[in-house]
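Commentary on secondary and tertiary structure
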Amino acid sequence: MNKQLDITTRNAVLTTMAQLISMEKSALLAANKLDLDNYDGADLAMGDRLKVDDAKVAGMISALKKLASEPDPLGIERFAFSHENGIKVSNRTAPFGTILIIYESRPDVTIEAAGIAFKSGNKILLKGGKESLNSNLFLVELWHKALEEHECPKDWVTYLEFDRTQTQAFLEHPTQKLDLIVPRGGEKLIAFVKQHARCPVIVSGRGNNFVYVDTDADLQMALDIIINGKASKISACNALDKVLISRDLPRKQEFLHHLIQSLKKHKVEILTDAKLEGLEGTSVMPNEKVWYEEFLDYKILIGQVPDLDEAIITINTYGGGHSAVIVTNNEEKAAEFLNSVDAAAVYHNASSRFTDGGEFGLGGELAISTDKLHQRGPIGLQHLVTNKWYVKGNGQIR
């Protein structure tokens, strides 16, 4: 285990990384173009995540600068106790140790997730997908330059250029100490990691998010929230997949007509349940399994429920535990929804697209966890720590 880096050094490395990415922007875009040219385009969401453009580069630089300005998440006292025998007991935040981040497609994970893990005092192992290899290797080379500039060992950030078989072997029999694994990708990747890992895993990345349009909803607001949730970024895990309409919604047919026309403008394929069968421009879902699907595509399912209770049951049965929204002007119904829906983030009259570490004031995120231990929802700098008990005495024995 490397000696812990002090906060001044960690911040200096992050600041240098931001400078290097700015200086090497053209070379980064060239490396990413190689990946884009090699990608077959079979998965629309993965292709969107793979691309690095001016906005994504600016996002990387901004994330690193923000991280460098944040207070140190280590050594924060969470609890203190003075024993009657004079022993002083305290509990403080501490690094996990070594964190492995396994991810698909997204080169920005090599910067933003690794940056959060590094600021939190952890060694980082990165295992990106083959589709983004050129981009990832270039960014890791910049990490090593930044580390060397501040006389830090390069193995604070290591890239594992493994194929699937090698990755499985490493998960089952790590050749170095592993304290935490964070898979960032689709359900197949998450299942693969959970099956083979021998240390704690934070499950991140699956959405399947719902909006419920209540009888007391502002219909224009509902329309805006649905379109934003579905069409603004289909590759995001906070994107919208399912819409539940109250059976007794006033002007229901008019609202559905406007919703379908608006979705069609964004080239969204529209499925319905049997209760809404026959709506122009839609088709009935083929089977119940569709309720469980995260689409990550220009595709949406609209269903009808008799009331709020059924909406809550439906979301808790099929949802991914990520984000859920109620659109209503009734505060009592909103409170019941927010308290009863089992999701990491619950919304009243706002888009699910806000489930994001930056939007929640965390300054970025390592992942968005749908697990309930040890942290749910966006995992920011302050969550990527464990704790340690410090006990000081002067010879006390028990």
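Residues numbered from 1 in each chain as written. Predicted model: local features only at pLDDT ≥ 70, side-chain atom pairs only at ≥ 80, totals over all residues. Heavy atoms only, no water.

Focus: the pattern of salt bridges
Any two side chains of opposite charge can pair if their charged atoms end up close together. We count it as follows: Any carboxyl oxygen of Asp or Glu that lies within 4 Å of a side-chain nitrogen of Lys or Arg is treated as forming a salt bridge with it. Under the scheme applied here, a residue whose accessible area is under 20% of the maximum for its type counts as buried, over 50% as exposed, and between as partly exposed, the area being computed with a 1.4 Å probe on protein chains only. Runs of E in the DSSP output that reach at least two residues are strands. Runs of H or I that reach at least four are helices, and both are numbered from the N terminus.
For the structure shown, the criterion picks out 15 salt bridges. A salt bridge links Asp179 to Lys177, with the nearest nitrogen and oxygen atoms 2.3 Å apart. For Asp179, a relative accessible area of 16% gives the class buried. Put simply, Lys333 and Asp216 hold a salt bridge, and the shortest N to O gap is 3.3 Å. Of this pair, Lys333 sits in helix H12 (residues 331–340) while Asp216 sits in the loop between strand E7 (209–213) and helix H9 (219–231); the two residues are 117 residues apart in sequence, bridging distant segments of the chain. Residue classification places Lys333 among the partly exposed residues on the basis of a relative accessible area of 22%. Residues joined in a network through salt bridges with shared partners are Asp214, Asp216 and Lys333.

Quick word on the domain arrangement of the protein chain
Threshold: An automatic or database domain assignment is the source of the domain bounds shown. The contact criterion used is simple: two residues touch if any of their non-hydrogen atoms lie within 4.5 Å. Buried area: the accessible surface (1.4 Å probe) lost by two parts on joining, summed over both. Pairs of N or O atoms are called polar contacts if they sit within 3.5 Å, as long as, within protein, a hydrogen donor faces a hydrogen acceptor (for residues adjacent in sequence, only side-chain-to-side-chain pairs).
Along its sequence, the protein chain is organised into domain 1 (7–203 + 375–392) and domain 2 (209–354). For domain 1 versus domain 2, the separation of C-alpha centres amounts to 33 Å. Domain 1 puts six residues into the contact, and the matching count from domain 2 is 11 residues. Taken over both partners, the interface formed by domain 1 and domain 2 buries close to 700 Å², and the fraction arising from carbon and sulfur atoms is 51%. On the domain 1 side of the contact with domain 2, Leu44, Arg49 and Arg376 bury the most area, a combined 56% of that side's loss. Asp342 is the partner of Arg376 in a salt bridge, and the nearest nitrogen-oxygen pair spans 2.6 Å. Put simply, domain 1 and domain 2 have three residue pairs in polar contact (both at pLDDT 80 or more) between them. Ranked by the residues each element gives to the side of domain 1 that touches domain 2, the list is headed by helix H3 (residues 44–50), at four residues.

Quick look at unusual backbone geometry
Excluding glycine, a negative phi dihedral is what most residues carry, and trans is how most peptide bonds are arranged. Residue His374 is bonded to the preceding Leu373 through a cis peptide linkage, with omega at -10°. One can find His374 in the loop between strand E14 (367–369) and strand E15 (377–379). Positive phi values are uncommon outside glycine, yet Asn208 reaches one of about 55°. Within the fold, Asn208 resides in the loop between helix H8 (187–196) and E7. Note on Asn208: relative accessible area 1%, which makes it buried. With a phi close to 60°, Lys267 is a non-glycine residue in the positive phi region. Accessibility expressed as a relative area gives 69% for Lys267, which makes it exposed.

What to know about the packing of aromatic side chains
Defined as follows: Whether two aromatic rings pair depends on their centres lying within 6.5 Å, for rings of Phe, Tyr and Trp, where Trp uses its six-membered ring; planes under 30 degrees apart make the pair stacked, over 60 edge-to-face, and the rest tilted. Only when the NZ of Lys or the CZ of Arg is both within 6 Å of the ring centre and within 35 degrees of the ring normal is a charge said to sit over the ring.
The final tally for this structure, using the stated rule, is seven aromatic pairs. With centroids separated by 6.0 Å and ring planes inclined at 55°, the aromatic side chains of Phe118 and Trp143 adopt a geometry described as tilted. Remark: Trp143 occurs in helix H6 (residues 133–149) and Phe118 occurs in helix H5 (residues 109–119); sequence separation between them is 25 residues. Classification of Phe118 by relative accessible area gives buried; the value is 1%. The class for Trp143 is buried, based on a relative accessible area of 0%. With centroids separated by 5.6 Å and ring planes inclined at 25°, the aromatic side chains of Trp291 and Tyr318 adopt a geometry described as stacked. Of this pair, Trp291 sits in the loop between strand E10 (283–284) and strand E11 (299–305) while Tyr318 is found in helix H11 (residues 308–318), placing the two residues 27 residues apart along the sequence. An identical accessibility class is assigned to Trp291 and Tyr318; each is buried. Directly above the ring of Tyr390 sits Arg92, whose terminal nitrogen or CZ lies 4.2 Å from the centroid. Its guanidinium or amino end placed over the ring of Phe295, Lys242 lies 4.5 Å from that ring's centre, counting from NZ or CZ.

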